[in-house]
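Chain by chain, the residues run as shown.
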Amino acid sequence: MNTKIVKSKSAIKQPKINVITLGCSKNIYDSEVLMGQLRGNNLNVVHESDKMGKDDIVVINTCGFIDNAKQESIDTILQFSDLKAAGKIGKVVVTGCLSERYKPELESEITNVDAFFGTNDLQNILHELGANYKHELIGERLLTTPSHFAYFKIAEGCNRPCSFCAIPLMRGKHLSKPMEELVNEAKILAKNGTKELILIAQDLTYYGLDLYGVRKLDELMRRISDVPGIEWIRLQYAYPSGFPMEILDAMNERDNICKYLDMPLQHITDNMLKSMRRGTTKQKTIDLVNQIRDKVPNIAMRTTLICGYPGETEYDFQEMKDWVAETKFDRLGCFTYSHEEKTHAHTLVDDIPEEVKQQRVDDIMEIQQGISFDINQEKVGKTFKVLVDKKEGDFFVGRTEFDSPEVDNEVLIDAATGYAANGSFVNVKIDRAEDFDLYGTIV
């Protein structure tokens, strides 16, 4: 007699949902929220796993900000669509900024992707993946960072008219998250062991204006500062025009608000700032940097600049170089201008050759390398509170309050001289310093 063996539903292996994140910290946050919802629906979700089966689903969270990021996103989509065509994975779903911006073109060019979604399509993505949006999971996330720090998105979108920036096309208008919701999210993270919150948005300083009629970043900082377990709060992406000076009072008042400010200034000459539609001038920018440093004397300031914007003359560039050398930012990043469709700057002629753009970036970064070396030398012999992120080779690797993960200085502690657990705070005496790294011993 033939007996048919029927597998119970529980015995059937559930396909994995593998989320791939490209781009900035806002995308990391969005992926974590998506993964939290999928996990809440009892689905098997992983982040950037190398191991995939023929029934598994890949979700690619894309970036569409500048040319290099767009190319990386397209290459990643093609890579996984080829795996699907070869029968090595089951489905490919694409979301994020590139998909928001170029959905019709992507659908016609890459036909074996199962679905394309934009940046505000969470409920639709969940439906596509066989899940429901659960309101009770607001504030819950599946962290992709080490558990002791988390990116903390306080707003979506941007109302600024910067000529070179496509973010409003992809992310929409500025939308602040309600303060109670954010405080609740901070409490959930703290309860799960998160010690550092890195506040992110396209424009932190606009926070609250749309919801409450006034800027409320300082109040939000104080409210989050009161959450037990949160030991560091860090500000990234503060816009210079209309900068709310009261956030510096909160920084001075509270020990757990890092003396750190990331303020992308983009350029310094008046004609470049005007063409970029930045809403400020050279003198106002210089005055603002001085006021911030006067109010918080030991603050670490990070900025980002663009080289090769349309019409940038040798004179404009020389003026920016002189200003960088004079201002001595603690941290600085520099990028070549990317000519983005549907932005105001796209109506201008992209008249600086790529090799000139890159040479200008290299020149700025060479100046910054010297500045960073000098600033770091002043830290030798001093002791700093350091948050340990990981163990790498013979070193424990951590950061001071003056450093964000991935983009800033690291403190390397020789593992032979002492032990430091990941996510712990230790006091480290700096023994020597290089351009972008500090070496020290636990005291």
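Residues numbered from 1 in each chain as written. Predicted model: local features only at pLDDT ≥ 70, side-chain atom pairs only at ≥ 80, totals over all residues. Heavy atoms only, no water.

S.K.: Can you help me understand the pattern of salt bridges in this one?
M.R.: All told, the structure shown has 34 salt bridges when counted by the stated rule. Residue Glu340 pairs with Arg101 through a salt bridge whose shortest N-O separation is 2.8 Å. One end of the pair, Glu340, is in the loop between strand 13 (331-336) and helix 13 (354-377); the other, Arg101, is in helix 3 (residues 97-109), with 239 residues separating them in the sequence. Side by side, Glu340 and Arg101 carry an identical accessibility label, which is buried. The shortest N-O distance in the salt bridge between Asp408 and Arg302 comes to 2.9 Å. Of the two residues, Asp408 sits in the loop between strand 15 (395-399) and strand 16 (410-414) while Arg302 sits in strand 12 (residues 300-307), which places them 106 residues apart along the sequence. For the pair Asp408 and Arg302, a shared accessibility class is recorded, and that class is buried. Because the salt bridges share partners, they merge into one network encompassing Asp30, Lys153, Glu156 and Arg171. (Salt bridge = Lys/Arg side-chain N within 4 Å of Asp/Glu carboxyl O. Helix = DSSP H or I, 4+ residues; strand = E, 2+ residues; numbered from the N terminus. Buried < 20%, exposed > 50% of the residue type's maximum accessible area, 1.4 Å probe, protein only.)

S.K.: In this structure, what is going on with the UniProt feature "binding site: [4Fe-4S] cluster 1" (unreviewed entry) in the chain? I would like to understand it.
M.R.: Feature annotation in UniProt assigns "binding site: [4Fe-4S] cluster 1" (unreviewed entry) to the following positions: Cys24, Cys63 and Cys97. The greatest C-alpha distance among the residues just named is 10.5 Å, despite their covering 74 residues of sequence, which places them together in space. Mapping Cys63 onto the fold places it in the loop between strand 3 (57-62) and helix 2 (67-85). You can see Cys97 is positioned in helix 3. Apart from the residues lying within four places of it in its own chain, the contact partners of Cys97 are Asn27, Thr62, Cys63, Gly64, Thr119, Met170 and Arg171. (UniProt positions renumbered as here; feature names shortened; annotations may be inferred. Contact = heavy atoms within 4.5 Å.)

S.K.: Explain the sheet that holds strand 15 here, please?
M.R.: Across a sheet, paired strands are connected by hydrogen bonds in the backbone, their directions being either parallel or antiparallel. Spatial strand order, 14-15-16-18-17: 5 strands in a closed barrel with mixed pairing. Strand-to-strand, the axes of this sheet are offset by a mean angle of 55°, without reference to chain direction. (Pairing = 2+ DSSP bridges. Axes fitted to C-alpha atoms, helices over the stretch in contact; angles between N-to-C directions.)

S.K.: Explanation requested: the environment of Lys390 in the structure shown.
M.R.: Following the sequence through the fold, Lys390 ends up in strand 14 (residues 383-392). Sequence separation of Lys390 and Leu220 is 170 residues, and the distance between their C-alpha atoms is 30 Å. Setting aside residues no more than four positions away along its own chain, Lys390 makes contact with Phe395, Phe396, Val397, Glu410 and Asn422. Among the polar contacts made by the side chain of Lys390, one reaches the side chain of Glu392 at a distance of 3.3 Å. (Polar contact = N/O pair within 3.5 Å; in protein donor to acceptor, adjacent residues only side chain to side chain.)

S.K.: What should I look at first to understand the UniProt feature "domain: MTTase N-terminal" (unreviewed entry) in the chain in this one?
M.R.: Summarizing the sequence annotation, UniProt attributes the feature "domain: MTTase N-terminal" (unreviewed entry) to residues 15-135 in the numbering used throughout. For residues 15-135, the end-to-end C-alpha separation is 24 Å, with 45% helix and 18% strand making up the annotated structure.

S.K.: What should I look at first to understand the pairing of strand 12 in this one?
M.R.: Most of strand 12 is tucked away: 8 of the 8 residues are buried. Every second residue of strand 12 is oriented toward a common face, with Ala300, Arg302, Thr304 and Ile306 on one face and Met301, Thr303, Leu305 and Cys307 on the other, all of them buried. Relative to strand 13, strand 12 runs parallel, the two being bridged by 6 bridges. Looking at the pairing, Arg302 lines up with Arg331 of strand 13.

S.K.: Is there a simple way to explain helix 6 (residues 179-191) in this structure?
M.R.: Spacing of three or four residues puts side chains on the same side of an α-helix, whose turn is 3.6 residues. The end-to-end C-alpha distance of helix 6, which contains 13 residues, comes to 18 Å, matching closely the 18 Å that a straight helix rising 1.5 Å per residue would cover. Along helix 6, the residues that are buried comprise Met179, Leu182, Val183, Glu185, Ala186, Ile188, Leu189 and Ala190. Buried-residue contacts for helix 6 involve helix 1 (25-40), strand 6 (149-153), strand 9 (196-200), helix 7 (209-212) and helix 8 (217-225). Two residues or fewer after helix 6 comes Gly193, characterised by a positive phi angle close to 100°. (Expected span 1.5 Å × (residues − 1).)

S.K.: I would appreciate a short explanation of unusual backbone geometry in the present structure.
M.R.: Both trends apply: most residues other than glycine have a negative phi, and most peptide bonds are in trans. Phi is positive for Asn42, close to 60°, though the residue is something other than glycine. Residue placement: Asn42 occurs in the loop between helix 1 and strand 2 (45-47). Of note in the backbone geometry, Glu48 takes a positive phi value of approximately 50° without being a glycine.

S.K.: Before we go on, may I ask you to explain the side chain of Lys357 in this structure?
M.R.: Relative to the helices and strands, Lys357 is located in helix 13. Within the local environment of Lys357, its side chain forms a polar contact with the backbone oxygen of Tyr337, the two atoms lying 3.1 Å apart. For Lys357, the contacting residues outside a window of four places in its chain are Cys307, Gly308, Thr336, Tyr337, Asp350 and Ile352.

S.K.: Hey, could you run me through the pairing of strand 4 (residues 91-96) in this one?
M.R.: Looking along a regular strand, one sees side chains alternate from face to face of the sheet. Across the 6 residues of strand 4, 5 count as buried, placing the element largely inside the fold. Pairing of strand 3 with strand 4, which is carried by 6 bridges, proceeds in the parallel orientation. Note that in strand 4 the partner of Val59 across the bridge is Val93. In this region the chain leaves strand 3, passes through helix 2 and returns to the parallel neighbour strand 4; the handedness of that crossover is right-handed. Pairing of strand 4 with strand 5 (residues 115-116), which is carried by 2 bridges, proceeds in the parallel orientation. Paired with Val94 across the two strands is Phe116, which belongs to strand 5. The handedness of the strand 4 to strand 5 crossover, carried by helix 3, is right-handed. (Right-handed = clockwise from strand over helix to strand, strands pointing away.)

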